[in-house]
Each structure stands twice: as structure tokens, then as C-alpha cells.
Amino acid sequence: MLPRKMRLGVFLIDCTELRNKLRQRIYDISGEVYRLLLERIKKDNEKLSKAIDSIIEKLRTEPTDIESMTAQLEYADHGVNVEMESINTRISEVMQKMDLLSTMNYRMAYEDFQKSWQIYSKPLAVKYRQQKCIRNIEQYHRKQFSDELTRSHDELLVEVQEIGWKFEKYTIYSRLTEVDVASQKFARLGERLDKAQQHADLINSRELLLKWKPTDFSELTSIRESFLPYYKVWTLARNFNCTVPTLLTGPLASIDKKLATEEIEGAYDELQRLEKNEFKNNHRILKLVQEVRGMYGEFRKYLPLINGLRNPDLRERHWQKVGEATNISNLNDSFDGSLQKLLDCGIMDRLSDVTEISEIASRELSYEKLLNKLKKDWRETRLCITPS
């Protein structure tokens, strides 16, 4: 520390005023450091309080199902310990800051001191809540959810039996005139099967969480495998009655050729596969499959015509040629007549002409695009001619 008086040569200098100023300066700086340190302690305490309260709130949350119970037990057993290890480290760091203030004889406000020690005692509350949470799960929730799972399991077995009985009952349908009734019943049964399968998957997953042996729901799988071919036949039969009349009688300009082709060809191929595989030895339903496939096959012959007339590459000159070839007037891209109207005019007799004109239109457009590309490429090319 600076002495009160200092001799410098023949002079005696009084340093009292300078000493007092330095002492005040040190005091002011120390006070600011202590204030900043206290503010830091307050902020750390606030964060710690929120983190601990969050843990306690999670442990207080009542599980609503086996999944949440398992997650909460895992959290109470392991997650809490991991989080508290980090929190305890932070508490130790804050306590070191408080020890520093104490060593420097800095007097904290009683309210701040009390709040700090309340926070440091919270880990004990976490420990208590952690033990209580585990105890509640093991003594109450596990039994509650186990009983619920057992009831749900028994209800599903009854549902599977009822679905099996319904399916056997519905297999008696085999006439095309029954399409509306049969397709509706198979659709509703399909929804029940989907729900039952989802229920079975949920039960199996929960059995694993409880470390039970998973139930074998192979009977449900077997019913589903037997059900799907019937469902497909009746669905395709119903779809034909809904789709084809619209394609025939609706405006030609509204037909999406790609969608129509995919739907008709896909249905025909699927029915052909069912005829050769699942129903090849079931003569009663085999006749129905052949009838439905025949319906799709009958309309299938119109697909080349639809693709030819709904070709976006057709221009006015091409439509004129189509009109001349078929002797049908007013044919154009926005023709408001129906496919049935064109069929009644005998357009299928000139199908080859329509297809050829449509193919020519596509080739011409591709040539036009190629020519335009060449023009663009050559337009940007500079030729340098040097006289010899």
C-alpha cells in the first residue's frame, strides 16, 4: 500500500489524499465486481429453479397409456439422474461463487441468501418425487394398464372371430347382379379388418413394452389374405359401373387418357392374375371374375381410340384429317360430344386411320421441336469466313 508520506530527494511528499482516493477506487471496483457476481448468482439460481421445477413436473405427470408409462419409468429410472448430475454440478459452481462473496465479507441480502438455499435443497424434493413416481408406476399404473391391455386383447379376439364369420358369410355372393350389396359389405368388412390389424399391432407393441410374450394374431393375417382377392373382385366390379359410364357418356374433352388407360389396364391385369391364381380352383367365383374381366376387356378395345383422340399433339390440320377419315364433322380438341356418340357414328371402323394420324401428329411435333432447337443453336453460332 502507498505510504502516508514519501521522501523524494530533499522533498517530503504527503500521500494521504492519494491514498484515500486509491482506497475509494478499490472499494468502488470491488463493490461493482461483487454486484456483478451476485447478479450472476441470481440468474444461475433462476435457471436452476426452472430446470428442477421442470423435472418435478415431469415426474408428477400421470401416464395415460402403456407407452407414456414406459417412457416415464425410463425417465424416472435414468433420465432424471442424468439431468440432476448436470444440475448438481451447476449448484456446486454457484456455491463456490457464494463462498467467494463470504470470504470477501460481502453481505448478501437475506432474501437472496434464503432463495439460494431453498434452491440448493430442491434436489431432495426431486429425489422424493422420483421415488414416488417409480413406486406409483410399479404399484398402481402397471396393474391398471396391464388389466386394460388384457381386456383389449380379449375384445380383439372376439372381433377377429366375428370378422371371420362375416367373411365366410359374404363369400356366398357370386352373381354380378349382387355387385352393389356385395361391394358395400366387403368394403365395410375391409375397414373392420384394417382397424383390427392396427389394434393387433398396438397390442403386440404394448406386450413387448410390458415384457410379455406377443400374442400370435396369425388367424387375423390368414383372414386378411383370404379376404383381399374377394374384396378386389367386388371393388373392381363396382368401379367399372362407376367409371366406364362416365367415360362413355361424358364429354370426350374431359377424359384423362393416361388415368383411363392405367385404370382399365390395371383392372384387367389384376383380374387376369386373380383368375389364374387365387380363384383358379374356385369355379363359383371364377365365373364372376371372368365376367368382370370380360367387361373390362370389352371397353379395353376403345383405349387406342381414346389415346388417339386425346393426344395433345393434334393440331387443327390433324383434326381436319380425322374428320375426313371418319366422316364426322366438328371434331376438334374441344369437341363437346361423348365417346359413345363417336362410337355410334362408327368411328371404330376407322380406328387405324385415327391412330395413324395421331402418331403422325406426335412425330411432326417432335420434328418441330428438333428444328426449333437447331435454329436456336445456329442462331447463336458465329461463322468466320476467311478468303483463301
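Here is what the cut-offs are and how they apply
Residues numbered from 1 in each chain as written. Predicted model: local features only at pLDDT ≥ 70, side-chain atom pairs only at ≥ 80, totals over all residues. Heavy atoms only, no water. Helix = DSSP H or I, 4+ residues; strand = E, 2+ residues; numbered from the N terminus. Rg over C-alpha atoms; globule rule 2.2 N^0.38 Å. Buried < 20%, exposed > 50% of the residue type's maximum accessible area, 1.4 Å probe, protein only. Contact = heavy atoms within 4.5 Å. Areas by Shrake-Rupley, 256 points an atom, 1.4 Å probe, with all protein chains shown as cover. Axes fitted to C-alpha atoms, helices over the stretch in contact; angles between N-to-C directions. Parallel < 35°, antiparallel > 145°, perpendicular 65-115°, else oblique. Left-handed = near helix turned anticlockwise from the far one by under 90°. Nonpolar A, V, L, I, M, F, W, Y, C, P; charged D, E, K, R; others polar. Phe/Tyr/Trp six-rings, centres within 6.5 Å; stacked < 30°, edge-to-face > 60°. Lys NZ or Arg CZ within 6 Å of the ring centre and 35° of its normal. Patch = residues over 30% accessible without salt bridge, like charges linked within 9 Å, V, L, I, M, F, W, Y side chains within 5 Å. Salt bridge = Lys/Arg side-chain N within 4 Å of Asp/Glu carboxyl O.

## Examining the overall build of the protein chain
Part 1 of the argument: For the protein chain, the helix and strand inventory stands at 12 helices and two strands.
Part 2 of the argument: If you list the helices and strands of the protein chain from N to C, you get β-β-α-α-α-α-α-α-α-α-α-α-α-α.
Part 3 of the argument: By the compact-globule yardstick of 21 Å for 388 residues, the protein chain is too spread out, its C-alpha radius of gyration being 43 Å.
Part 4 of the argument: Counting every position in the protein chain, which comprises 388 residues, the buried fraction comes to 35%.
Part 5 of the argument: A fraction of 75% describes how many contacts in the protein chain between residues 6 or more apart in sequence connect residues 24 or more apart.
Part 6 of the argument: Looking at the protein chain as shown, the accessible area adds up to about 25,000 Å², and 53% of this sits on carbon and sulfur atoms.

## Quick word on the packing of helix H4 (residues 122–170) against helix H6 (residues 218–249)
Part 1 of the argument: Taken N-terminus to C-terminus, the directions of H4 and H6 make an angle of 30°; their axes are 10 Å apart at the nearest point. Taken together, the axes of H4 and H6 are roughly parallel relative to one another. In the crossing of H4 with H6, the sense of the turn from one axis to the other is left-handed. Counting all contacts with H4, which are made through Val160, Ile163, Gly164 and Phe167, the residues of H6 involved are Glu219, Leu220, Ile223, Ser226, Phe227 and Tyr230.
Part 2 of the argument: Partitioned by chemical class, the residues of the contact of H4 with H6 number seven nonpolar, two polar and one charged.

## Here's the deal with unusual backbone geometry
Part 1 of the argument: With a phi angle near 65°, Lys211 is a residue other than glycine that sits in the positive phi range.
Part 2 of the argument: By the secondary structure assignment, Lys211 is in the loop between helix H5 (179–209) and H6.
Part 3 of the argument: The class for Lys211 is exposed, based on a relative accessible area of 75%.
Part 4 of the argument: Of note, the phi angle at Asn327 is positive, near 60°, even though the residue is not glycine.
Part 5 of the argument: Topologically, Asn327 is positioned in the loop between helix H10 (316–326) and helix H11 (339–344).
Part 6 of the argument: Judged by its relative accessible area of 71%, Asn327 is exposed.

## Considering the packing of aromatic side chains
Part 1 of the argument: Tallied over the full model, the rule gives 10 aromatic pairs.
Part 2 of the argument: Pairing Phe240 with Tyr296 gives two aromatic rings, centres 5.0 Å apart and planes at 70°, and the pair type is edge-to-face. Taken together, the positions of Phe240 in helix H6 and Tyr296 in helix H8 (residues 283–300) put the pair 56 residues apart, joining distant regions of the chain.
Part 3 of the argument: The exposure class of Phe240 is buried, given its relative accessible area of 13%.
Part 4 of the argument: Every member of this aromatic cluster is reached through a ring pair, and the members are Phe167, Tyr170, Tyr173, Phe186, Phe227, Tyr230, Tyr231 and Phe279.
Part 5 of the argument: One Lys or Arg, Arg300, reaches over the ring of Tyr268 and ends 4.2 Å from the middle of that ring.

## Structural notes on a nonpolar patch on the surface
Part 1 of the argument: Taken together, the side chains of Met6, Leu8, Val10, Phe11 and Ile13 present a nonpolar region at the surface, about 510 Å² in accessible area.
Part 2 of the argument: Among the secondary structure elements, those contributing two or more residues to the nonpolar patch are strand E1 (5–8) and strand E2 (11–14).
Part 3 of the argument: Looking at Val10, the relative accessible area reads 72%, which means it is exposed.

## Focus on the pattern of salt bridges
Part 1 of the argument: For the structure shown, the criterion picks out 20 salt bridges.
Part 2 of the argument: Residues Arg40 and Asp44 are paired through a salt bridge, measuring 3.6 Å at the closest nitrogen-oxygen approach. Of this pair, Arg40 and Asp44 both sit in helix H1 (residues 16–60), four residues apart, roughly one helical turn.
Part 3 of the argument: For Arg40, a relative accessible area of 44% puts it in the partly exposed group.

In short, the description is geometric, and any link to function would need to be established separately.
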